[in-house]
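Breakdown of the fold
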Amino acid sequence: MTSAAQPPRDRALGRGTILIPQASTATPAEQAAAVLAGMRSVPVRIGVLQAAVVLLEERVRATEDDTERRAAATTVAMLRGAIAQAG
């Protein structure tokens, strides 16, 4: 049984729009922000959120990059809000 070749994916998922900026044009913080925006209504286990908070809080303390620090702090606040709503 042969399958038809899949055409190459030359764009991000999202029916013609770029949902997640590509690595060559966006910083990791911008990519993370785009992913988080797309995941606002996706169910996630509380333990995963708590683990992410711990890791991101360490990035807030450790990084010297202000953009990364702000992105991590904003993400921590969003995760804590999601944990509070669920709990």
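That block above? That's the structure.
Sequence order sets the numbering: in each chain, residues are counted from 1 along the sequence as written. Given that this is a predicted model, residues contribute local features only at a pLDDT of at least 70 and side-chain atom pairs are listed and counted only at 80 or more, while totals for whole chains, interfaces and linings are drawn from all residues. With hydrogens and water excluded, all non-hydrogen atoms of the structure serve as input to the side-chain values.

Quick word on the packing of helix α2 (residues 46–62) against helix α3 (residues 66–86)
Threshold: Lines fitted to C-alpha atoms define the axes, with helix axes restricted to the stretch in contact, and inter-axis angles between N-to-C directions lie between 0 and 180 degrees. Numbering of helices and strands runs from the N terminus, with a helix taken as a DSSP run of H or I at least four residues long and a strand as a DSSP run of E at least two residues long. Roughly parallel refers to an angle under 35 degrees, roughly antiparallel to one over 145, roughly perpendicular to one between 65 and 115, and oblique to any angle outside these ranges. Two helices crossing with the near one rotated counterclockwise from the far one by less than a right angle form a left-handed crossing, whereas a clockwise rotation gives a right-handed crossing. The criterion used for residue contact is that any of the two residues' heavy atoms lie within 4.5 Å. Polar here means any residue outside two lists: the nonpolar Ala, Val, Leu, Ile, Met, Phe, Trp, Tyr, Cys and Pro, and the charged Asp, Glu, Lys and Arg; Gly therefore counts as polar.
Here α2 crosses α3 at 155°, and the two axes come no closer than 9 Å. Classed by the angle they form, the pair α2 and α3 counts as roughly antiparallel. In terms of crossing hand, the pair formed by α2 and α3 is left-handed. Across the interface between the two elements, I46, L49, Q50, A52, V53, L56, E57, R59 and V60 of α2 pack against E68, R69, A72, A73, T75, V76, L79, R80, A82, I83 and A86 of α3. Of the residues contributing to the contact of α2 with α3, the split by class is 13 nonpolar, two polar and five charged.

A short note on the pattern of salt bridges
Going by this rule: Salt bridges are defined as contacts in which a side-chain nitrogen from Lys or Arg sits within 4 Å of a carboxyl oxygen from Asp or Glu. For the exposure calls, accessible area comes from a 1.4 Å probe over protein chains only, and a residue counts as buried if that area is under 20% of its type's maximum, exposed if over 50%, partly exposed in between.
Inspection of every chain in the model, using the stated rule, returns four salt bridges. Of the charged contacts, one joins R61 and E58 as a salt bridge, the two residues approaching to 3.4 Å between their closest N and O atoms. Of the two residues, R61 and E58 both sit in helix α2, three residues apart, roughly one turn of that helix. On the basis of relative accessible area, R61 is assigned to the exposed category, the value being 60%. Of the charged contacts in the structure, one is a salt bridge between E68 and R59, with a shortest N-O distance of 3.0 Å. On the basis of relative accessibility, which here comes to 28%, the residue E68 falls in the partly exposed class. On the accessibility criterion, R59 (35% relative accessible area) is partly exposed.

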